[in-house]
Amino acid sequence: VRSPLIIINQMGPLQNSNGIRSNIVWRSLTSQRIPGQEPKKPQSRFQWIASMGIGASFLMGKTKYAIVALKLTKAAPLASMVLSSFAYSFIFGWPYAIGMVGLIVCHECGHAVVMNHYKVPFSPMVLIPFMGAVIAMKESPRSVYENAMIAFGGPVLGSCGALCLGIGGMATDSQLLLALADFGYMINLFNLMPIGSLDGGKIGEAIHPYVGVVGLMGGSSLIFLGAMSNPIFYLVMLTGVYSTGSRLLSYHKLFGFEEEESVDFYNISRRSQAGISLGYVGLIAALLFAMNENDKYRKTPKQLRGEEKKDEWAIEDYFNDKEEQ
């Protein structure tokens, strides 16, 4: 499951230089405030509880009935894409909403490509508004290595899609494309956090059982510093505590957690572990570098509003000169 909900909370509406309403991702994964950004209104108790309830039901599998209902038609992937675009458009406008859905689909297609390579059967992709997308595996991967490769597929292809948008934005000075690229980089970085069911959590399992502990420490730091305050992230952390705890108990053979199947599943060579480690660190470094380069071209809300005012003044001066003539 890939959830953009936490990343969506880092966005806000802007005006671009042409006076057309667009929506720019103006925050990174930190809580640093950008000049011109309005302070965020605190969530009401109802909104907080509703968000927690939706997230809990999704993580605990209660939304499987909605997914089953969507799968009743062969057009489920297309229908869910249209539904998600429609839902996001209410907040971000159609151009940005379509771009968001495209990046999420690109990410999920990366998982599907690798699943197909390892002959792991999977269900059609289904997008759920404000929760992300899901491609359910009908069979489990045969090893932790295969599981890690499948997890790698999403961020790799998703990052490539974001990079294409970023290059296009730099070449055309399109703030919309640059904003979408920033969203793509952020959502793939978020998924690479080594926590629970996130892609990074599955990759971390192949590197070392204690990678999950590092992920939980990092996630706890983000919560403590106020960089992550969405209840969905709290639920991600809780699932991470369970999965990491189970993995450590199995690794140390405590309380009968070791089973023959788990021993075979987690059997991986040192060479494979080293390759996965290098790929993991390299992908994170590449995303951070790409985001930094993207930010050099991406304008802040204050800059965009200033350019809009200059355009308005130029038009006003033009008509004033016409009247004087």
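The rules behind each value
- Residues numbered from 1 in each chain as written.
- Predicted model: local features only at pLDDT ≥ 70, side-chain atom pairs only at ≥ 80, totals over all residues.
- Heavy atoms only, no water.
- Helix = DSSP H or I, 4+ residues; strand = E, 2+ residues; numbered from the N terminus.
- Buried < 20%, exposed > 50% of the residue type's maximum accessible area, 1.4 Å probe, protein only.
- Contact = heavy atoms within 4.5 Å.
- Areas by Shrake-Rupley, 256 points an atom, 1.4 Å probe, with all protein chains shown as cover.
- Patch = residues over 30% accessible without salt bridge, like charges linked within 9 Å, V, L, I, M, F, W, Y side chains within 5 Å.
- Salt bridge = Lys/Arg side-chain N within 4 Å of Asp/Glu carboxyl O.
- Lys, Arg positive; Asp, Glu negative; His and termini not counted.
- Charge placed at Lys NZ, Arg CZ, Asp CG, Glu CD.
- Core = buried A, V, L, I, M, F, W, Y, C linked by side-chain atoms within 4.5 Å.
- Expected span 1.5 Å × (residues − 1).
- pLDDT = per-residue confidence, 0-100.
- Phe/Tyr/Trp six-rings, centres within 6.5 Å; stacked < 30°, edge-to-face > 60°.

Asks: So what exactly am I meant to see when it comes to the overall build of the protein chain here?
Replies: In terms of helices and strands, the protein chain carries 13 helices and four strands. Out of the 325 residues in the protein chain, the part that is buried amounts to 44%. Considering only contacts within the protein chain whose residues lie at least 6 apart along the sequence, 70% involve residues at least 24 apart. When the accessible surface of the protein chain is totalled, it reaches about 17,400 Å², and 64% of it is carbon and sulfur.

Asks: I would appreciate a short explanation of unusual backbone geometry in the present structure.
Replies: Peptide bonds are, in most cases, trans, and in most cases residues other than glycine have a negative phi. Residue Lys 119 is not a glycine yet carries a positive backbone phi of 55 degrees. If you trace the backbone, Lys 119 turns up in the loop between helix H5 (94–117) and strand E3 (126–128). Taking relative accessible area as the criterion, Lys 119 reaches 68% and is therefore assigned exposed. At Asp 173, a residue that is not glycine, the phi angle is positive and equals roughly 55 degrees.

Asks: Please clarify how a negative patch on the surface should be interpreted in this entry.
Replies: Together, Asp 311, Glu 312, Glu 316, Asp 317, Asp 321, Glu 323 and Glu 324 line one region of the surface with negative charge. For Glu 324, the location among the structural elements is in helix H13 (residues 301–324).

Asks: How should the nonpolar core be read in this particular structure?
Replies: Generally speaking, soluble globular proteins have nonpolar side chains that are buried together. Membership of the largest hydrophobic core comes to 46 residues, with the highest contact counts inside it found for Ile 203 and Ile 276. Counting residues per element, the ones that place at least two in this core are helix H4 (76–92), H5, helix H6 (144–172), helix H7 (175–191), helix H8 (199–207) and helix H12 (270–297). No other element matches the ten residues that H5 contributes to this core. Those residues in contact with Ile 203 that lie beyond four places of it in its chain are Ala 148, Ala 151, Phe 152, Leu 192, Ile 276 and Tyr 280. Ile 195, Leu 198, Phe 233 and Val 236 belong to the second largest nonpolar core, which has nine residues in total.

Asks: Would you take a moment to explain H4 for this structure?
Replies: The periodicity of an α-helix, 3.6 residues per turn, causes residues three or four places apart in sequence to face the same way. Helix length check: H4 (17 residues) gives 24 Å between terminal C-alpha atoms against 24 Å at 1.5 Å per residue, within 8%. Inspection of H4 places Ala 76, Ser 80, Ser 84, Ser 85, Ala 87, Tyr 88, Ser 89 and Phe 92 among the buried residues, and these make up the whole buried set.

Asks: I tried to follow the pattern of salt bridges on my own but got confused; where do I start?
Replies: Proximity of charged atoms lets side chains of opposite charge pair with each other. By the definition in use, this model includes four salt bridges. Here Asp 182 ties to Arg 298 by a salt bridge, and the two come within 3.6 Å at their closest N and O atoms. With Asp 182 in helix H7 and Arg 298 in the loop between H12 and H13, this residue pair connects regions lying 116 residues apart in the sequence. The burial state of Asp 182 is the same as that of Arg 298; both residues are buried. Glu 293 serves as the salt-bridge partner of Lys 296, at 2.9 Å between the closest nitrogen and oxygen. Of this pair, Lys 296 and Glu 293 both sit in helix H12, separated by three residues, roughly a single helical turn. Three or more residues are tied together by salt bridges with common partners; here these are Asp 182, Asp 295 and Arg 298.

Asks: Got a minute to help me understand the confidence of the model for the protein chain in this structure?
Replies: When pLDDT is low, close inspection of the predicted coordinates is not appropriate. Averaged over every residue, the pLDDT of the protein chain is 78; the share at 70 or more is 74%. Within the model, pLDDT remains below 50 along residues 56–67, and this stretch shows 13 contacts once partners closer than five positions in the same chain are excluded.

Asks: Please clarify how H8 should be interpreted in this entry.
Replies: With respect to burial, H8 is a largely interior element, seven of its nine residues being buried. For H8, the full list of buried residues reads Asp 199, Gly 200, Gly 201, Ile 203, Gly 204, Ala 206 and Ile 207. Elements in contact with the buried residues of H8: H5, H6, H7, helix H9 (211–225) and H12.

Asks: For this particular structure, what's the right way to read a nonpolar patch on the surface?
Replies: Together, Phe 86, Phe 90, Ile 91, Trp 94 and Ile 98 give the surface a local cluster of nonpolar side chains, amounting to about 550 Å² of exposed area. Within the residue set of the nonpolar patch, elements represented by two or more residues are H4 and H5. Counting residues per element, the nonpolar patch draws most heavily on H4, at three residues. Looking at where Ile 98 falls in the secondary structure, it is placed in helix H5.

Asks: I would appreciate a short explanation of the packing of aromatic side chains in the present structure.
Replies: Aromatic ring pairs are described here by two measures, namely the spacing of the ring centres and the angle between the planes. Applying the stated criterion to the full structure yields five aromatic pairs. On the numbers, 6.2 Å between centres and 50 degrees between planes, the contact of Phe 190 with Phe 233 is tilted. With Phe 190 in helix H7 and Phe 233 in helix H10 (residues 231–251), this pair connects stretches of sequence that are 43 residues apart. As far as the burial class goes, Phe 190 and Phe 233 line up, both buried.

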